[in-house]
Structures are given as structure tokens and as C-alpha cells.
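Take a look at the letters that make up each chain.
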Amino acid sequence: METSKNYSDETKSVHAGIKDNENLAVIPPIYQTSTFKFKNAEHGAAVFKGEEPGYIYTRMGNPTVEALEDAVASLENGHKGLACSSGMAAINTVFSAYLNSGDHIICSETVYGPTTALLNDVYSGFGIETTFVDIASLEDINSAVKPNTKMIYIETPGNPTLVVADLAACSEIARKIGAILVVDNTFMSPILQKPFKFGADIIIHSMTKFLNGHADVVAGMIIAKSEEDYKLLRKTLNLVGGFLAPMEAFLVHRGIKTLSVRMEIHCRNAMKIAEYLENHQKVKKTIYLGLKSHPQHELCKKQMKYFGGMISFELKGGIESGKKLMNGVKLCQLAVSLGGVESLIQHPASMTHAIMSKEDRLKAQITDGLVRISVGIENVDEIIADIDQALKMI
Ligand SMILES: *Cc1c(COP(=O)(O)O)cnc(C)c1O
């Protein structure tokens, strides 16, 4: 199908990236091959020079992977996509492509933990300096600017506090200082938030989460807005090597067919669960972008279609209550990650962030009673009943 920009997201989810193939199979074959033949020496030379279309070697491009790249680029209204072996491979490829020794990057303090560690433990060794900022504060971002600032890197909403960056304002700052704005759009998916519309230069996804949606693949994607960015990123990805395998690409592409319907149900379920939690006497605070009590609810309405599938809430009882809740749920699964069809629940203070000191946790606004849910697409009353019976045990 012609994946024209004029189609809606619902139609693009089903059809984007899929091209007619030799046998007219509705679902194109999986090109499970590492390398491709040339018809003759002249053909080989022409493909290498880019004078004729064709494939050479799967790390450099593969039709199954390209179909997925086209699909996500189309959903993000971007120029072209670059599929990577993980979200981290996508982030690393973008950093390697744009940052050089002596450069400075402004990064949100609430980005995915390994992104922070990549900057602190790897890129700092290459002479790249990072300032971490509160992305909800434009003053904080502005005052972090240095003459050598090359990139503003944000993830919005941030995890697990669901702090939101004003995309248009961040892109204005980036433009003013001659830096690029990179947005990790994993938590929203292209269905809920379109960062290019607000001036982002590059978008990143961990497709492990909502895009694939079935908790069975690890994969990432970079979306470029211009051919110039695409060429630089493609060259870098070829060299650093984090390319996605064809089988994984096929699975993610299959997952995307239901992306728009899944997102709708994730959001609808999350809204109902957030309202339930907000009125529960054992819950001190419920953080959900769709609640009027979220301090940035108005900004969310401006830059998102709906409010996503992620909820954080704080139990009155602290760390012991968190553990009891984890041990009490039956339907919600105790696991990290997010964005799958199944509801996942986790308690950062006793699980993902248990190795951090309490002081550092509190600095990151991870209180002892904080719980995060990635709301799945199960029957919402049954999810609520599960949480309800577990809260009774506290
Ligand atoms: C999971 C995640 C990543 C990393 O993706 P992987 O596929 O696990 O490498 C990056 N950013 C966000 C927001 C994530 O949730």
C-alpha cells in the first residue's frame, strides 16, 4: 500500500510499510538472510555506488527491516526510520552520530536509567559533558546552556514521575542555541504524541514497549526528519552495528498492526484505574497525565492525543505497603518493562531502585511507597478488582 502521509494513524498502523511482493502475499516474506546476490559485476558495482536499488548485506539494509522502518517513519510523519537491535542501541547510535569530544549535552534528569548511565559512564570518558535538568522547568534548561551545547535530549513523559516537557518550548530553545532536540517518545508511541509536529529533530523509540506491544521482542527505532540526518545516522548505525534482525523486525511490524486499537484501550483502562486509585483511602497520591490533578494536565492536552497507559501512585504506608501490594496482586504481573498487552506492576523502592540509597531515590522523587503500573488491555474491572483485593491486604 502507498503509505501516504494522508492516511490516518488507524489505517497506517495496519498497512504502512507493506509493499507488494513477488507472489502477492498479503504479508510479505521474512528475508531471513545475511547477504544478497548481485546479477553480475556491473550490477554489484551499481548497487554499491547507490546508482541502482538493491540490497548488499543485512547490517546495511534488509527488506523486512526496511518495511518496519517505513511503517514507523510514516506513523511519526518523519522522513525515514532506522531500526536498531534495542532502544539503547538507538540512543547510542544517535549519541555517536552527533556528539564529539568537547561537546555538551543537556539531558532530562528523568530519562531511562541506562540512558543516564550511558552518558555518565561511557560518553563522559569520550570528553562529552552532560548537564541533567528538570525538564518541566524552562529556566533550568535555559540556565544549563553552554556555548558548546550540541543536543537537548528529553523523554516525555519521564519515568516514573510522569513529568512532562513542553516540546514546542524545548525545540525553540534548541533552535535558538543551534542544538538539536532529540525526543525519546517510547512512553507515548506515535499514536499519542508526534514530536516532529512540535519541532523535534530526531525521535527515538524503544519498540520493546508499546510499538511491539507483546513483550516478546527487544528492539529500537530512530526516526530522521531529513535526508541529511538519515544519511549520517545510517552511516553511524552501519559502523556501530546495532542493526535489528529480520525476524525481530517482522514481529514488531506484526505488533504495530494493532497499535492504534491497543493504545486506545491502554488509555481508557488507565483513566479508569487512575480515578479508582485517586479515591482510595490507602493511596496518598495518584500521578496520571489524564487526571486534572496532574500539574501539567493542560500541557498534556496540548501535545498529546490521549494520556497513555502509565500510572504511578504513592501508598500511604511506605516500603512495607509496597511489598505487600506486590505480593498481593494476582492478575497484574510483577515485572519491569511496559507497553505490553498485559498489566505489569512494580515497586521501584524494593525492586528496580533498591540498590540506590534512600537519599538518592528521594532526589529522583522515588518515594518508598511509589508504585508504577503499565496498564494492559485486560478487562478494566478485573484489573481494578485485582488491585483492590491486594490493597485490602495492606
Ligand atoms: C525501555 C526503554 C528504553 C531502552 O530500550 P531497550 O529496548 O530496553 O534497549 C529507552 N527509553 C525508554 C523510555 C524506555 O522505556
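None of the values given here were measured: they were computed from a predicted structure.

Student: What exactly am I supposed to notice about the site of the ligand here?
Tutor: Near the ligand, the surroundings consist of 15 residues, among which Gly 87, Asp 184, Ser 206, Thr 208 and Lys 209 are the closest. In this structure, Asp 184 approaches the ligand through a side-chain N or O atom, which is 2.7 Å from a nitrogen atom. Residue Ser 206 places a side-chain N or O atom 2.9 Å away from an oxygen atom belonging to the ligand. A molecule is said to occupy a pocket when more than half its atoms come within 2 Å of that pocket's grid points, and by this definition the ligand occupies the largest pocket. Per-element tally for the shell around the ligand: the top contributor is helix α4 (residues 87-98), with three residues. Grouping the constituent residues of the shell around the ligand by class yields seven nonpolar, five polar and three charged.

Student: Mind showing me how you'd approach the domain arrangement of the protein chain here?
Tutor: By a frequent convention, interface size equals the accessible area lost on bringing the separate parts together. Domain parsing of the protein chain yields domain 1 (9-256) and domain 2 (259-391). On a C-alpha basis, the centres of domain 1 and domain 2 stand 27 Å from each other. Across the contact, 34 residues belong to domain 1 and 35 residues belong to domain 2. Where domain 1 abuts domain 2, roughly 2,700 Å² becomes buried across the two surfaces, and 63% of that area is made up of carbon and sulfur atoms. Linking domain 1 with domain 2 are zero salt bridges. Scanning the region where domain 1 abuts domain 2 turns up twelve residue pairs in polar contact (both at pLDDT 80 or more). Looking at the side of domain 1 that touches domain 2 element by element, the count peaks at four residues for helix α8 (residues 189-192). Of the residues contributing to the side of domain 1 that touches domain 2, the split by class is 19 nonpolar, eleven polar and four charged.

Student: Please explain the packing of α4 against helix α9 (residues 227-240) as it appears in this structure.
Tutor: When two helices pack together, their arrangement is given by the angle between the helix axes and by the axis-to-axis distance. At a minimum axis distance of 9 Å, the contact between α4 and α9 shows a crossing angle of 115°. Considering their axes alone, α4 and α9 lie roughly perpendicular with respect to each other. In this structure, α4 crosses over α9, and the sense of that crossing is right-handed. Of the residues in α9, those touching α4 at Thr 93, Val 94, Ser 96, Ala 97 and Tyr 98 are Asp 229, Leu 232, Leu 233, Thr 236, Leu 237 and Val 240. Tallied by class, the residues present in the contact of α4 with α9 amount to seven nonpolar, three polar and one charged.

Student: Which parts of the structure should I look at to understand the state of the cysteines?
Tutor: Covalently bonding the sulfur atom of one cysteine to the sulfur atom of another cysteine gives a disulfide. In total, this model carries zero disulfides according to the counting rule given. Sulfur of Cys 170: no disulfide; nearest cysteine sulfur belongs to Cys 107 and is 12 Å away. Between Cys 300, a free cysteine, and Cys 267, which holds the nearest cysteine sulfur, the sulfur-to-sulfur gap is 12 Å.

Student: Is there a simple way to explain empty space enclosed by the protein in this structure?
Tutor: Gaps left between atoms show up when a probe the size of a water molecule is rolled over them. According to the stated counting rule, one finds one cavity of 30 Å³ or more in the structure shown. A volume near 40 Å³ is recorded for the largest cavity. Lining the largest cavity are Asp 9, Glu 10, Ile 191, Ser 260, Glu 264, Lys 305 and Tyr 306. Contributions of two or more residues to the lining of the largest cavity are made by α1 (9-15) and α11 (259-278).

About the thresholds
- Residues numbered from 1 in each chain as written.
- Predicted model: local features only at pLDDT ≥ 70, side-chain atom pairs only at ≥ 80, totals over all residues.
- Heavy atoms only, no water.
- Near = heavy atom within 4 Å.
- Polar contact = N/O pair within 3.5 Å; in protein donor to acceptor, adjacent residues only side chain to side chain.
- 1 Å grid on protein atoms, 1.4 Å probe; cavity = no way out; pocket = protein on both sides within 12 Å on 5 of 7 lines; lining within 4 Å.
- Sits in = over half its atoms within 2 Å of the grid points.
- Helix = DSSP H or I, 4+ residues; strand = E, 2+ residues; numbered from the N terminus.
- Nonpolar A, V, L, I, M, F, W, Y, C, P; charged D, E, K, R; others polar.
- Domains from an automatic or database assignment.
- Contact = heavy atoms within 4.5 Å.
- Buried area = accessible area lost by both parts, 1.4 Å probe.
- Salt bridge = Lys/Arg side-chain N within 4 Å of Asp/Glu carboxyl O.
- Axes fitted to C-alpha atoms, helices over the stretch in contact; angles between N-to-C directions.
- Parallel < 35°, antiparallel > 145°, perpendicular 65-115°, else oblique.
- Left-handed = near helix turned anticlockwise from the far one by under 90°.
- Disulfide = S-S within 2.5 Å.
- Points joined across faces, edges and corners; volume = space filled by probe spheres on them.

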